[in-house]
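# Coordinate analysis (summary)
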Amino acid sequence: MKAIRRFTVRPVLPDTLRPLTDLARNLRWSWHEPTRELFDSVASAPPGDRRTDDGDPVRLLGSVSAARLAALAADQEFLGRLNAAAEDLEHYLHAPRWYQEHQEQHGGLPAAIAYFSPEFGVTAALPQYSGGLGILAGDHLKAASDLGVPLIGVGLLYRHGYFRQSLSREGWQLEHYPVLDPGELPLCLLRDTDGTPAKVTLALPGGRSLHAHIWTAQVGRVPLLMLDSDVEENAPGERNVTDRLYGGGSEHRLLQEMLLGIGGVRAVRTYCRLTGTPAPEVFHTNEGHAGFLGLERIRELAGEGIGFDAALETVRAGTVFTTHTPVPAGIDRFERGLVARHLGDDAELPGVDVSRILALGDETPLGGEPGLFNMAAMGLRLAQRANGVSTLHGGVSRQMFAGLWPGFDSVEVPIGSITNGVHAPTWTAPEVGRLGPDADDRELWELRRTLREQLVTEVRERLRASWRQRGAGAAELGWTDSVLDPDVLTIGFARRVPSYKRLTLMLRDPDRLRALLLHPERPVQLVVAGKAHPADDGGKRLVQELVRFADDPRVRHRIVFLPDYGMAMARKLYPGCDVWLNNPLRPLEACGTSGMKAALNGCLNLSVLDGWWDEWFEPDFGWAIPTADGAAATDQERRDDLEAAALYELVERRVAPRFYDRGPDGVPARWTAMVRRTLGDLGPKVLADRMVREYVERLYAPAAAAHRALDADAARELADWKSRVRTAWPKVAVHHVEVGELGEDLGDAELGATLSVRVGVSLGELRPEDVEVQAVTGRVTPDDTLADPRVCALKPAGGLSDLDGRRIYEGSLVLDRTGPFGCTVRVLPAHTRLASPAEPGLVTWPTDAVAEEAGVLLR
């Protein structure tokens, strides 16, 4: 017989044990070692058996026996630890932290920030993530909690989470979708003042409705709101909207993103009303999936009598948009007709002009298709501040989205960068955290071996379980007892399996890889893991290719593929590896934080110079895999051959020799020196604390200031100004440019010399205060392009210069660089409330005739 409904019957805790409930309900236990150790004691787990790494204290308390509870209630030593943990949590939740101290010293910080993401990787006990985007979001929440940042997380509750991965006997990826019961997860249902579940409702075409309950997870000081459409009021189709992460067809995904964005704003409003939490002044959109939140906020303002344009300015002022993808294929795009049907008068946003909504998602300036609605384009248009997730990715993003700011070089596109970070308490092994600053090389080396040995034990257990799932019997699996060796150089590679991450680059020359694995003096062993998207058969073929190589009896003791990569596995994998491998196609890795987590544990990086590694690589931290350039870069096969050969060469001639180069004491001194530098110098750079501080200071605080300054009247004034400027801009022109004194020979100009600039412009119906006239200087390339440009504002020389209404602007240029030097001039809109001169997307340059007359200086 099968149960048609399952639920957990929880024991009644004795009064002395009641603090266990609060400790279990706050996900701080997932990164707080003393609390995890406390729950291990509840489970009678021996030291080192990290049951709460994979499990959940809430579920544990639901299964512990009454006899065990009685014994704990009488155990004074345990009660002392319990009370100390409860007091520590209370202090953590309420004592002032960095944010409160920063606010006291500098002021101006937002009262609250809403952080929207389609997935959150907080703990394996809450499987609501698929990969790096979710793990990053989880680390963002944890670091915000540690710093005291008043964040409110917003996401969806997927009843199947992301899939669980196993392998067929032939090595083909299989997916399983276990059903998750919110009652068995570390969640609480948000209830209204009358005790009924709080809910949000979206209107759908045809008079239908989409209802969702709001579950909350407490991530330290940060509440995470998760919307769940599996409620009785919904029809079957609507109940399944939050069935699984990144599943379903186009309309299904659209409904998920409407619920996340529009429903998420309503959930935040409900939560703030019920808890007294201050309303967010800043809304942070983590990738375009949540972009509809801006439309809901426009609808809110429209209900207050503010027009669309003014509401748009208000929303933009307080919105931050983070893009995570360097490839157009990674952006969600929907048919415009589908979007119009769901957001028109007959559906969710009545009263908001659907043509204005569709214009926000227009991708034609990016070279896209006119019939598609681009979520990233909308996200950028709805946010006054935007960023990529590494310095390199910021540059890639500026080029990728430059079409939204026509007339500007990509370097001036208003997309900055804040390099991702990782949450050290989550990803650092406790043994590494306990390592003293005065530890010598032998202690450091012994720690690395201990972590490697723990990984070997973990791998053997997981490998046996995987083979049993593949149909192997116990009698066939004796060989797994000798898989991997705790004294052999261990390289890790684990991530999602899109083609650009090149899971199988290491297999490019199987014989050469086999020789590295079986080297008689300097062997290497590989631990590999990763999931392909369920709909990606190409990715699944890559997994199968790797698995088949690893199944070969000749090498299976030196290379393993572990299915079902997730947070629980990762916590063992990063500390136990000596080297972390990353070989994407540059520059397609936006950041790539797995190598950061490895570095926090003293693991050295071996990576293509992409994402964060391009920014912080130093020879003391690891090795850079050369990237093919020139003609080879455009030939995918040739590029893979060259870069794979470079990878083999590095491992064979540099990495392995250094690992096995032992002194008389058996310690590889040069290797441990690199480990020490990685821990001491690289570690502080890759922290999520650093990342969140940068978001606060560079994005959240300015966004809050802009939001406060833009009341209804100011928003209308700014919207009217932009409308007036756009209408008048076609008549703005540059008529004349003089550089230096008339007739002056510039060929002998010297470093440090000063040149005068005089420019004649027509402003049409605009006023001088509506514009800024600039001279732009820099080195010139052979095609007259300005490199590393610098901007100098020119000043009005007086009144009108002639009857045609032309005005004269003047200034001076300092020749501060030797070599080919050039300049040009331009006219930009100017307003005190613009976050960037490029914000309106308007610029006027000299015509070709004027430019030719002025010439290029000192070529």
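For the structure, check the block above.
A brief look at the structure comes next. (Residues numbered from 1 in each chain as written. Predicted model: local features only at pLDDT ≥ 70, side-chain atom pairs only at ≥ 80, totals over all residues. Heavy atoms only, no water.)

## Some thoughts on the side chain of T844
As a reminder of what qualifies: Strands are runs of DSSP state E lasting at least 2 residues, helices are runs of H or I lasting at least 4, and numbering of each runs from the N terminus. Using a 1.4 Å probe on the protein chains alone, a residue whose accessible area is under 20% of its type maximum counts as buried, one over 50% counts as exposed, and one in between counts as partly exposed. Any pair of N or O atoms that falls within 3.5 Å is considered a polar contact. Within protein, one atom must be able to donate a hydrogen and the other to accept it, and sequence-neighbouring residues count only if both atoms are side-chain atoms. Two residues form a contact once any of their heavy atoms are found within 4.5 Å.
If you trace the backbone, T844 turns up in the loop between β27 (821-829) and α30 (848-854). The class for T844 is buried, based on a relative accessible area of 10%. A distance of 3.0 Å separates a polar atom in the side chain of T844 from a polar atom in the side chain of W729. Residues in contact with T844, not counting those within four places in the same chain, are W729, V732, A733, V734, V825, R826 and V827.

## Considering unusual backbone geometry
Residue R586 is joined to P587 through a cis peptide bond whose omega torsion reads 5 degrees. Note that P587 resides in the loop between β18 (579-582) and α23 (594-599). In the Ramachandran plot, D564 falls in the positive-phi region, its phi being about 70 degrees despite a non-glycine side chain. Its identity is not glycine, yet D788 carries a phi of approximately 50 degrees, on the positive side. Its location among the elements puts D788 in strand β24 (residues 786-793). Looking at D788, the relative accessible area reads 57%, which means it is exposed.

## A closer look at the state of the cysteines
Filter applied, for reference: Disulfide: a pair of cysteine sulfur atoms within 2.5 Å of each other.
Within the structure shown, the criterion is met by zero disulfides. C577 carries a free sulfur, and the closest cysteine sulfur to it, the one in C603, is 5.6 Å from it. With relative accessibility at 0%, the residue C577 sits in the buried group.

## Observations concerning the sheet that holds strand β23 (residues 771-780)
Sheet strands line up and pair through hydrogen bonds in the backbone, either parallel or antiparallel. To keep things clear, this is the line we draw: Strands qualify as paired when DSSP identifies two bridges or more between them. As a rule, the C-alpha atoms of each element are fitted with a line to give its axis, helices using only the stretch in contact, and angles between N-to-C directions run from 0 to 180 degrees.
Spatial ordering of the open sheet is given by β24-β23-β27, a layout of three strands whose pairing is antiparallel. The strands lining the two open edges of the sheet, one partner per strand, are β24 and β27. Strand-to-strand twist across the sheet, computed as the mean angle between neighbouring axes with direction ignored, equals 30 degrees. Of the pairings in the sheet, the one linking β23 to β27 comprises nine bridges and is antiparallel in character. Pairing of Q774 across the sheet is with R826, part of β27.

## A few points about the pairing of β24
Bridging between β23 and β24 involves six bridges; their strand directions are antiparallel. Each residue of the ladder has a partner; that of A775, found in β24, is C792. As consecutive antiparallel partners, β23 and β24 are separated by five residues, and within that stretch D784 has a phi angle of approximately 70 degrees, a positive value.

## Structural notes on the environment of G148
If you trace the backbone, G148 turns up in the loop between α8 (132-147) and β2 (151-156). Using a relative accessible area of 6% as the deciding quantity, one classes G148 as buried. For G148 and P430, which are 282 residues apart along the polypeptide, the C-alpha to C-alpha distance reads 23 Å.

## Examining the packing of aromatic side chains
In this description, an aromatic ring pair is defined by two values, namely the gap between the centres and the angle between the planes. The following threshold applies: A pair of aromatic rings is counted whenever rings of Phe, Tyr or Trp (Trp by its six-membered ring) have centres within 6.5 Å, and the orientation is called stacked for planes under 30 degrees apart, edge-to-face for over 60 and tilted otherwise.
Tallied over the entire structure, the rule returns 17 aromatic pairs. Geometrically, the ring pair formed by F659 and W671 is edge-to-face, given 5.1 Å between the ring centres and 85 degrees between the ring planes. Residue F659 is found in helix α26 (residues 636-660), and its partner W671 is found in helix α27 (residues 669-682); the two are separated by 12 residues along the sequence. The buried category is assigned to F659, whose relative accessible area is 0%. Assessed through its relative accessible area of 1%, W671 is described here as buried.

## Notes on helix α7 (residues 98-106)
For clarity, the cut-off: Note that the arc is defined by the directions from the helix axis to the C-beta atoms.
What α7 keeps buried is the set W98, Y99 and H102. The arc that holds every buried residue of α7, seen down its axis, measures 95 degrees, which confines them to one face. Packing partners of the buried residues in α7 comprise β1 (113-116), α8 and α28 (688-709).

## Observations regarding the nonpolar core
To be explicit about the condition: Within this scheme, the nonpolar core is defined by two criteria: the residues are buried Ala, Val, Leu, Ile, Met, Phe, Trp, Tyr or Cys, and they are joined through side-chain atoms within 4.5 Å.
Among the nonpolar cores identified, the biggest contains 94 residues, and F116, L259, F292, L295, L343 and V759 are the most heavily contacted of them. In contact with L343, other than residues within four places in its own chain, are M258, I262, F292, L295, E348, L349, V354 and I357. Counting 49 residues, the second largest nonpolar core, distinct from the first, contains W445, V488, L604 and A644.

## A word on empty space enclosed by the protein
A water-sized probe rolled over the atoms picks out the places where empty space is left. For the record, the criterion: Buriedness for pockets is judged along seven lines, at least five of which must meet protein on both sides within 12 Å for an open set on the 1 Å grid over protein atoms alone, while cavities are sets there where a 1.4 Å probe fits but cannot get out, and lining residues have an atom within 4 Å of a point. Grid points are joined across faces, edges and corners, and a volume is the space filled by probe spheres set on the points. Here the nonpolar group is Ala, Val, Leu, Ile, Met, Phe, Trp, Tyr, Cys and Pro; Asp, Glu, Lys and Arg are the charged ones; every other residue, Gly included, is treated as polar.
In this structure the tally under the stated criterion is seven cavities of 30 Å³ or more. By volume, the largest cavity is sized at about 100 Å³. Counting residues per element, the ones that place at least two in the lining of the largest cavity are α20 (510-517), β16 (524-529) and α26. Here the lining of the largest cavity takes three residues from α26, the largest share from any one element. In terms of residue class, the lining of the largest cavity is made up of 11 nonpolar, no polar and no charged.

## Structural notes on the sheet that holds strand β15 (residues 489-494)
With parallel pairing, the six strands of this open sheet are ordered in space as β17-β16-β15-β18-β19-β20. Strand pairing shows two members of the sheet lacking a second neighbour, β17 (559-562) and β20 (622-625), which therefore form its edges. Each strand axis lies, on average, 20 degrees off the axis of its neighbour in the sheet, ignoring direction. Sheet analysis places β16 next to β17, joined by four bridges and oriented parallel. Bridged to V528 within β17 is F561. Those strands touched by helix α19 (residues 441-469) are β15, β16 and β17, and its axis lies near 65 degrees from that of β17. Contacting β16 and β17, α20 crosses the sheet at an angle of about 115 degrees to β16.

## Observations regarding the pairing of strand β7 (residues 209-219)
Of all 11 residues making up β7, nine are buried, and the element is well covered by its neighbours. Both strand β5 (residues 188-189) and β7 contribute to a ladder of two bridges, which runs antiparallel. Bridged to L189 within β7 is W215. Strand direction decides the pairing type here: strand β6 (residues 199-203) and β7, joined by five bridges, are antiparallel. What sits directly across from K199, in β7, is H213. The hairpin turn running from β6 into β7, its antiparallel successor, is five residues long, and G206 in that turn takes a positive phi close to 80 degrees. Across seven bridges, the pairing between β7 and strand β8 (residues 222-228) is antiparallel. When the bridges of β8 are listed, H213 appears paired with D228.

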